[in-house]
Amino acid sequence: DHLVVATTRPETMLGDVCVAVHPDDERFAHLVGKHLELPIVNRRIPIVADHHVDSEFGTGCVKVTPAHDFNDYEIGKRHQTGMISIFDDTAHVMAKAGLYTSTGEALEELNGFDGALPERYAGKERFEARKQLIAEFDELGLLEKIEKHTNKIPYGDRGGVPIEPHLTDQWYVRVEPMAKQATEAVEDGRIEFVPKQYENMYFSWMRDIQDWCISRQLWWGHRIPAWYDEQGNVYVGRTEEEVREKHNLGDTPLQQDEDVLDTWFSSALWTFSTLGWPKNTEDLKTFHPTDVLVTGFDIIFFWVARMIMMTMHFMKDEEGQPQVPFKKVYVTGLIRDEEGQKMSKSKGNVLDPLDMIDGISADELVAKRTANMMQPKMREKIEKRTRKEFPEGITAHGTDALRFTLTALASTGRDINWDMKRLEGYRNFCNKLWNASRYVLMSTEENDCGLENDDMTLSLADEWIIARFNSTVKDFRQALDTYRFDQAAAIAYEFTWNQFCDWYLELTKPVLQNGTDVQQRGTRHTLVNVLEQLLRLLHPVMPYITETIWQRVKPLVGNTDDTIMLQPFPQVEDNVSHQAMQDMEWLKRVILAIRNIRGEMDLSPNKPLPLLLSNADSMARGRIENNQSFLSSLAKLESIEFIESDDDAPASMTALVDTLKLHIPMAGLIDKEAELQRLQKSIEKASKEWQRLNGKLGNDNFVSKAPEAVIAKEREKLAEAETTLKQLQEQQEKIKAL
């Protein structure tokens, strides 16, 4: 003669409209379609069959309150039960409930119920009402049992109390027709996601889309353009004046809706509203659609999809076809901490970009990370971690270093594990560019750079750096075109640090010190022009330092413009010397081979060395003879001599560059026994380090508990230790063989 239901919110029983059972549950099949009496409010409600019910959970019978539960709302819609709203806007029980159809229309009565709730509950706060209702059920002998149950309850981030589902009037957009054409735009390639995998996320949202609630109960935002008269009639228009004129309202009192538009609704209009729409402005005709949108994966639906829908709805081309807002969507990853954890205030691992730019003390950083915490008990743990990670705080790195770091870490679509060491490295890169520019300016300002006199001779190094930069521009542009910003940063870094600074600037010194006027003019001309183009290449990533340097460089190349921002981006040129590229790269290999011998023998870089060369063909001989000044300067040689065969060489350290054999005689350069002793000590030290790291990684306790990022770093250290040990052992064998 009764059904038992289980609930975690007994107070909502005042608004129940039915009890649901699973259609395949044989225990209750004979009851479907019948009615029962709801205690306390004494209403008759039906028993319905619905697949949402889990027969194995609780009693298999579910009380349904569509006005106060999301799942119940859907059940109510399916069975057209209507809705009974028992709470006011502050979650207090009302004296008279709100009655509505399953589609939201207000009713005077629902199945004979006029909405009157028991007077003893009127005005009760929801949790107070809960206690009273449980007590009343117990008193009536209707409470079977109370048991603990783990449940997921949403809490408000401001009030810190459970959120109560509640019926309210809202404005909606019917988006299904718009979603269809927005989906087709990606399917047929008019819009492309980079990486392509994010199209699946887009499709999963768009193919199962719900009507969009666009009204919000906030103070700030675009106010809903709707007005109500005293009878509740609603009028929509751009302005109140337009509404009055359109509907002949005269002096009828009107009240504008107090709600504002969802932020994402306003943002969805961004691509065309910022260009002058609804007027057909020149900006709109010129710049719409745009080429690329850069965004994060977490707002693909909230922003990207809605921009596509809104744009295709409002914007049409000359033939009346929907216009897409952009052609490509580049999706970035999230920036996580060094251990791969998502940055959040509760974890105390957030890094503010401004702190990395301007610097912050340890005390200030701790105060910042522990202020206004939702969980004050975490304060001590977060302070301890912060002081361990940043004992001296964070030093200033500057905006350009931060921007370059973000670019260098931005592999397509992958999350970024932030690395402060990379930031420090790219701050050094900024310093390297600054110091290199100072050298160029000191060597060229107040000197003839060929601006008004084109009588100049370019050295092999000049022709090589021009060709090498041209190749860099080609690779850099290709990386940008394919959205590989990490590769673009690596390409720019490699050219700037290794080719321009470490090689070319050193190669200019022999010419600037000992060259003829036309040779020096040619080198100075190359210095300022390559630097000026390099600044333009780097400017989008490093805007501040490049602008500052460019202002000094521009008069040396005859440029009178105000800013580097308006200069053309470097283009790939056809008229460069590929032979110079080949010759110089070959000479660099010779210089590096000599430097490697110095390093292996632990010889001072300032000690001039004799160089003997055997097996030299005509090309190798020509390259050596034509560039002896470069070789002698960069390899620090006291002499260069060709010999007929290896037999003519004394005891030497050797190296091969193609077929050319390099000999560095060791007589008088090293003490063989002392060097072997030094190497043995280094080998023993390296061996101990390898054994320590290998043992650590072989410890199951460490491997099972340490974060993956920590284990990866230890493996890197082990690989480095193994390489070092192997190199020392090989060097030992070479010395023994002398």
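This text follows the structure it describes.
What you see is a predicted model, and the numbers here were worked out from it, not measured in a lab.

## Structural notes on the overall build of the protein
Then, in step 1: What the protein contains, in helices and strands, is 24 helices and 22 strands.
Then, in step 2: In terms of overall dimensions, the protein is more spread out than a globule: its C-alpha atoms have a radius of gyration of 38 Å, far above the 27 Å expected for 738 residues.
Then, in step 3: A total of 738 residues make up the protein; the buried ones form 42% of that total.
Then, in step 4: With the model as given, the accessible surface of the protein reaches about 41,700 Å², and the carbon-plus-sulfur share is 49%.
Then, in step 5: On the protein, the mean spot of the 87 positive side-chain charges and the mean spot of the 119 negative ones are 5 Å from each other.

## Re the nonpolar core
Then, in step 1: The biggest cluster of nonpolar side chains holds 100 residues, and the ones touching the most others in it are Phe500, Met542, Ile594 and Leu662.
Then, in step 2: If we skip the residues at most four places from it in the chain, Met542 touches Asp400, Phe404, Phe429, Cys430 and Leu433.
Then, in step 3: In this structure, Val175, Ile191, Leu275 and Met307 belong to the second largest nonpolar core, which totals 41 residues.

## Things to note about helix H4 (residues 198–206)
Then, in step 1: Every buried residue of H4 is listed here: Tyr198, Glu199, Tyr202, Phe203 and Met206. The buried residues of H4 occupy one face: seen down the axis, they fall within an arc of 145°.
Then, in step 2: Of the surrounding elements, those touching the buried residues of H4 are helix H3 (176–187), strand S8 (192–194), helix H9 (300–314) and strand S16 (326–332).

## Here we look at the state of the cysteines
Then, in step 1: Taken as a whole and assessed by the stated rule, the structure comprises 0 disulfides.
Then, in step 2: Free of any disulfide, Cys430 has its nearest neighbouring cysteine sulfur in Cys501, separated by 12 Å.
Then, in step 3: With no disulfide of its own, Cys449 lies 18 Å from the sulfur of Cys501, the closest cysteine sulfur.
Then, in step 4: Since its relative accessible area comes to 5%, Cys449 is described here as buried.

## Here we look at unusual backbone geometry
Then, in step 1: Between Val194 and Pro195 the backbone carries a cis peptide bond, its omega angle lying at 0°.
Then, in step 2: Its location among the elements puts Pro195 in the loop between S8 and H4.
Then, in step 3: Here Trp277 and Pro278 are connected by a cis peptide whose omega angle stands at 15°.
Then, in step 4: Position of Pro278 relative to the elements: it lies in the loop between helix H7 (270–273) and helix H8 (282–287).
Then, in step 5: We note that Asn111 has phi near 55°; this positive angle belongs to a residue other than glycine.
Then, in step 6: Here Asn111 shows up in the loop between strand S6 (93–100) and helix H2 (126–139).

## A word on the packing of aromatic side chains
Then, in step 1: Within this structure, the stated rule accounts for 23 aromatic pairs.
Then, in step 2: When the ring of Trp212 is compared with that of Phe265, the centres are 5.6 Å apart and the planes differ by 50°; the resulting orientation is tilted. Of the two residues, Trp212 sits in strand S9 (residues 212–213) while Phe265 sits in helix H6 (residues 263–268), which places them 53 residues apart along the sequence. Each of the two residues, Trp212 as well as Phe265, counts as buried.
Then, in step 3: By the ring-pair criterion, three or more aromatic residues cluster together here, those being Phe404, Tyr426, Phe429, Tyr493 and Trp497.
Then, in step 4: In this structure, Arg306 is placed above the aromatic ring of Trp212, and the distance from its NZ or CZ to the ring centre is 4.1 Å.
Then, in step 5: Above the face of the Trp503 ring, Arg595 is positioned so that its terminal group lies 5.0 Å from the ring centre.

## Brief notes about the sheet that holds strand S3 (residues 43–49)
Then, in step 1: The sheet built from 4 strands is open, its strands ordered S2-S3-S1-S4 with mixed pairing. Two strands close off the open sheet at either side, each with one partner strand: strand S2 (35–38) and strand S4 (62–64). Adjacent strand axes in the sheet meet at a mean angle of 35°, parallel and antiparallel pairs treated alike.
Then, in step 2: Of the strand pairs in this sheet, S2 and S3 are connected by 4 bridges, and their pairing is antiparallel. Paired with Leu36 across the strands is Ile45, a residue of S3.

## Quick notes on the packing of helix H14 (residues 420–444) against helix H17 (residues 517–538)
Then, in step 1: Where H14 contacts H17, the two axes come as close as 10 Å, and the packing angle between them is 150°. With respect to each other, H14 and H17 are oriented roughly antiparallel. Relative to H17, H14 is oriented so that their crossing is left-handed. Residue-level contacts link Leu433, Ser437, Val440, Ser443 and Thr444 of H14 to Arg524, Leu527, Val528, Leu531, Leu534, Leu535 and Leu538 of H17.
Then, in step 2: Here the contact of H14 with H17 is composed, by residue class, of 8 nonpolar, 3 polar and 1 charged.

## Details of the packing of H14 against helix H18 (residues 543–553)
Then, in step 1: Contact geometry of H14 with H18 gives a least axis separation of 11 Å together with a crossing angle of 0°. When the axes of H14 and H18 are compared, the pair comes out roughly parallel. Within the contact between the two elements, H14 uses Cys430, Leu433, Trp434, Ser437 and Leu441 and H18 uses Ile545, Thr548, Ile549, Arg552 and Val553.
Then, in step 2: Class assignment for the residues of the contact of H14 with H18 results in 7 nonpolar, 2 polar and 1 charged.

## Here's the deal with the environment of Leu566
Then, in step 1: Looking at the secondary structure, you find Leu566 in the loop between H18 and helix H19 (578–601).
Then, in step 2: Expressed as a C-alpha distance, the spacing of Leu566 and Arg536, which sit 30 residues apart in the sequence, is 9.7 Å.

## Notes on the pairing of strand S21 (residues 652–657)
Then, in step 1: Pairing between S21 and strand S22 (residues 660–665): 6 bridges, direction antiparallel. Bridge pairing in S22 places Leu656 opposite Lys661.
Then, in step 2: The hairpin formed by S21 and S22 contains 2 residues between the paired strands, and Asp658 there has a positive phi angle of roughly 55°.

## Some words on the pairing of S3
Then, in step 1: Two elements, strand S1 (residues 18–21) and S3, share 3 bridges in a ladder whose sense is parallel. Across the sheet, the residue bridging to Val21 is Ala49, located in S3.
Then, in step 2: If you look at the hairpin formed by S2 and S3, you'll find 4 residues sitting between the two strands, and Ile40 has a positive phi there, around 70°.

## Examining the pattern of salt bridges
Then, in step 1: Evaluated as defined, the whole model comprises 45 salt bridges.
Then, in step 2: Glu74 is paired through a salt bridge with Lys77; the nearest N and O atoms lie 3.9 Å apart. Of this pair, Glu74 and Lys77 are both found in helix H1 (residues 70–79), 3 residues apart, which corresponds to roughly one turn of the helix.
Then, in step 3: A relative accessible area of 35% places Lys77 in the partly exposed class.

Criteria and cut-off values
Residues numbered from 1 in each chain as written. Predicted model: local features only at pLDDT ≥ 70, side-chain atom pairs only at ≥ 80, totals over all residues. Heavy atoms only, no water. Helix = DSSP H or I, 4+ residues; strand = E, 2+ residues; numbered from the N terminus. Rg over C-alpha atoms; globule rule 2.2 N^0.38 Å. Buried < 20%, exposed > 50% of the residue type's maximum accessible area, 1.4 Å probe, protein only. Areas by Shrake-Rupley, 256 points an atom, 1.4 Å probe, with all protein chains shown as cover. Lys, Arg positive; Asp, Glu negative; His and termini not counted. Charge placed at Lys NZ, Arg CZ, Asp CG, Glu CD. Core = buried A, V, L, I, M, F, W, Y, C linked by side-chain atoms within 4.5 Å. Contact = heavy atoms within 4.5 Å. Arc of directions from axis to C-beta. Disulfide = S-S within 2.5 Å. Phe/Tyr/Trp six-rings, centres within 6.5 Å; stacked < 30°, edge-to-face > 60°. Lys NZ or Arg CZ within 6 Å of the ring centre and 35° of its normal. Pairing = 2+ DSSP bridges. Axes fitted to C-alpha atoms, helices over the stretch in contact; angles between N-to-C directions. Parallel < 35°, antiparallel > 145°, perpendicular 65-115°, else oblique. Left-handed = near helix turned anticlockwise from the far one by under 90°. Nonpolar A, V, L, I, M, F, W, Y, C, P; charged D, E, K, R; others polar. Salt bridge = Lys/Arg side-chain N within 4 Å of Asp/Glu carboxyl O.

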